[in-house]
2 protein chains.
Amino acid sequence: MIKRLAVIGVGLIGGSLARALRAADAVGEIIGCGRSIENLELALELGVIDDYARDPADAVADADMVFIAVPLGAIAGVFAQIKERLPAHAVVTDGGSVKGSVLVDAHRVFGRVPPWLVPGHPIAGTERSGVSSSFPELYQNRRVILTPVPETDPWAVARVRAMWEQVGSEVTEMSVKHHDEVLAATSHLPHMLAFCLVDRLARMQSHDDIFRYAAGGFRDFTRIASSSPEMWRDICLANADALSAMLGCFGDEIRELANTIDSADAEGLLALFERARASRERYVDGLEPSSGGESGMLG
Amino acid sequence: MIKRLAVIGVGLIGGSLARALRAADAVGEIIGCGRSIENLELALELGVIDDYARDPADAVADADMVFIAVPLGAIAGVFAQIKERLPAHAVVTDGGSVKGSVLVDAHRVFGRVPPWLVPGHPIAGTERSGVSSSFPELYQNRRVILTPVPETDPWAVARVRAMWEQVGSEVTEMSVKHHDEVLAATSHLPHMLAFCLVDRLARMQSHDDIFRYAAGGFRDFTRIASSSPEMWRDICLANADALSAMLGCFGDEIRELANTIDSADAEGLLALFERARASRERYVDGLEPSSGGESGMLG
């Protein structure tokens, strides 16, 4: 049971955790904090939070659990703001899509990775933002990855794990490096492809016709290009090395395919498409369906 | 009203047109034809066709409308087989995803584009194949593009247009070249990206983890990579020039993005993502939803 939860950043991710913990009767009081007072007022009105503070230091003052759900570029600032006022018994976790940069931020602000900081990442989301998009089922049957370091207090990890399990998530642990590489491949790269595809087509001369004759599948394929530009800017900067490497690999694969097409290599094309279809059927069809019709791939 | 429809290739595309025309009471008799006798027997059993012939020449012998729905690589062969037995009053159309190659095939077999041939392309489909995947609503509220040439008989165009309108499609006409460029951008390129993405990830060392931590959005994004490998091999070969050019453009865009990330250009990243999101909201959200939960993007 969490007595007092501070949610720094009451958007889709932070708001949905607040709603889910409330629905699970697993939290006493919830204090929100964020940049937009309109969003905080709305969160209050919707019953997502019980109160809010404008200053993160005030929000965390009496909290036993702090969830930081702000864009990656704002995490260091939050660390600095809460540094002096965080209670000794409080556990802090976050929802950032890149974990290496969170450790760098911690080192910069605290001079170390504090034992009470449990870096985490719920693999869930939609392309929408703001507290009005949040819903209590977002994390049900979704994976949450925690990336504790040797300095992390096992008791703090256990508390964060219990919190996520109470909202229906499956919690796993892995190294920071592995997390950032896996996410570069499965989430960051596909988002980049969707953004680039829409941008490329919009810049073509016949873009009116191009979008007019795009069928429903195109909407599915590019849906993730409606995700928050600020969030993705921060993810790119925070996971630059892994993502840039993935883009390089993918660029090679695209070039290889163009060569295969140019040389009219029918066998080569068939082999590629058969391999991809078999892989997808083997791996992806085994995934559990996402709940509530929402296809989460945020971050 | 079509008296006798010959459907060459009774799969998702051919079978769905047969079902839809039957449901609209717009056809007398439907004769199927195809490579697989099991599929034809199934089509008969399902009531999709009234009878079948093994030889396309027999199938078209008494037809007043012929719909060729075989992979692009098989169209020239069908032309050659039906050449001698096609009734004088019959109209022939097709569902090929590339139109330039169909004209080349016609020239090769008939020495010209015959006036009774109306090249067409219904912008509809799913990632599944075979008559068991066909359903009568596939073409409702979907676009069908016809690409008649100056030699095409306007009466033949009118008959094909009426057929598609009877199954609920919106019919438009454009030039062969424009069609092939637009489809390279909106359909062929996204399919290539999905195939390449799945293949690239499957070839990575940690592919087990990679697919395990892929969320629901990844399944949507890569669903089209489950499409028929043979069909896509043929599309690549048939639309090689336009598709290779699109892949080249996209490769440049990817490289440009990698450079933007490498140089930590926060403004540049934000500008790209905002442009893409705005384009998608402007163009794609205006598309009508696809019917029946199926997201058609075939070919």
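About the criteria used
- Residues numbered from 1 in each chain as written.
- Chains lettered and ligands numbered in written order.
- Predicted model: local features only at pLDDT ≥ 70, side-chain atom pairs only at ≥ 80, totals over all residues.
- Least-squares fit on C-alpha atoms with pLDDT ≥ 70 in both.
- Contact = placed C-beta atoms within 7 Å.
- Pairing = 2+ DSSP bridges.
- Helix = DSSP H or I, 4+ residues; strand = E, 2+ residues; numbered from the N terminus.
- pLDDT = per-residue confidence, 0-100.
- Expected span 1.5 Å × (residues − 1).
- Buried ≥ 20, exposed ≤ 12 C-beta atoms within 10 Å, placed from the backbone.
- Axes fitted to C-alpha atoms, helices over the stretch in contact; angles between N-to-C directions.
- Domains from an automatic or database assignment.
- Nonpolar A, V, L, I, M, F, W, Y, C, P; charged D, E, K, R; others polar.

A.B. asks: Which residues make up the relation of the copies chain A and chain B, and what are the values?
C.D. replies: Expressed as a screw transformation, the operator carrying chain A onto chain B has a rotation angle of 180° and an axial translation of 0.0 Å, and the superposed copies differ by an RMSD of 0.0 Å. Taken together, the rotation and translation describe the operation of a two-fold axis. It is Phe221 of chain A whose C-alpha, among those of chain A, lies nearest the rotation axis, at 2.4 Å. An overlap of 100% is found between the interface residues of chain A and their copies at the interface of chain B, pointing to a shared contact surface.

A.B. asks: Could you give an account of the sheet that holds strand β4 (residues 65–68) of chain B, with specific residues and numbers?
C.D. replies: Residues and elements named next belong to chain B. Taken in spatial order, the six strands line up as β3-β2-β1-β4-β5-β6 in an open sheet, and their pairing is parallel. Two strands in the sheet have a free side with no partner beyond their single neighbour: β3 (51–53) and β6 (117–118). Relative to β6, strand β5 (residues 91–94) runs parallel, the two being bridged by two bridges. Bridge assignment links Val92 to a residue of β6, and that residue is Leu117.

A.B. asks: How would you sum up the confidence of the model for chain A? Please name residues and give values.
C.D. replies: Residues and elements named next belong to chain A. Averaged over all residues, the pLDDT of chain A is 92; the fraction at 70 or higher stands at 94%. Across residues 288–299, confidence stays below pLDDT 50; counting only partners more than four residues off in sequence or on other chains, it has 36 contacts. Across the predicted assembly, pTM comes out at 0.85 and ipTM at 0.85.

A.B. asks: Can you tell me about helix α1 (residues 12–23) of chain A, naming the residues and giving the values?
C.D. replies: All names here are of chain A. An ideal rise of 1.5 Å per residue puts 16 Å on twelve residues; α1 measures up with 16 Å between its terminal C-alpha atoms. Of all twelve residues in α1, ten are buried, a share of seventy percent or more. Buried positions along α1 lie against β1 (2–8), β2 (27–33), α2 (37–45), β4 (65–68), β7 (120–122) and α6 (154–166). Backbone geometry just downstream of α1 places Asp25 in the positive-phi region, at approximately 55°.

A.B. asks: Kindly report on the sheet that holds β1 of chain A, identifying the contributing residues and their values.
C.D. replies: Residues and elements named next belong to chain A. If you walk across this open sheet you meet the six strands as β3-β2-β1-β4-β5-β6, and the pairing is parallel. Of all strands in the sheet, those bounded by a partner on one side alone are β3 (51–53) and β6 (117–118). Taken together, the four bridges between β4 and strand β5 (residues 91–94) define a ladder with parallel strand orientation. Bridged to Ile68 within β5 is Asp94. Sheet strands in contact with α1 are β1, β2 and β4, and its direction is about 165° off that of β1.

A.B. asks: A description of the domain arrangement of chain A should follow, citing residues and the corresponding values.
C.D. replies: Residues and elements named next belong to chain A. Domain annotation for chain A reports domain 1 (2–174) and domain 2 (179–293). Spacing between the C-alpha centres of domain 1 and domain 2 amounts to 30 Å. With 17 residues of domain 1 at the interface, the matching set in domain 2 holds 18 residues. A class-by-class count of the residues in the side of domain 1 that touches domain 2 yields five nonpolar, nine polar and three charged.

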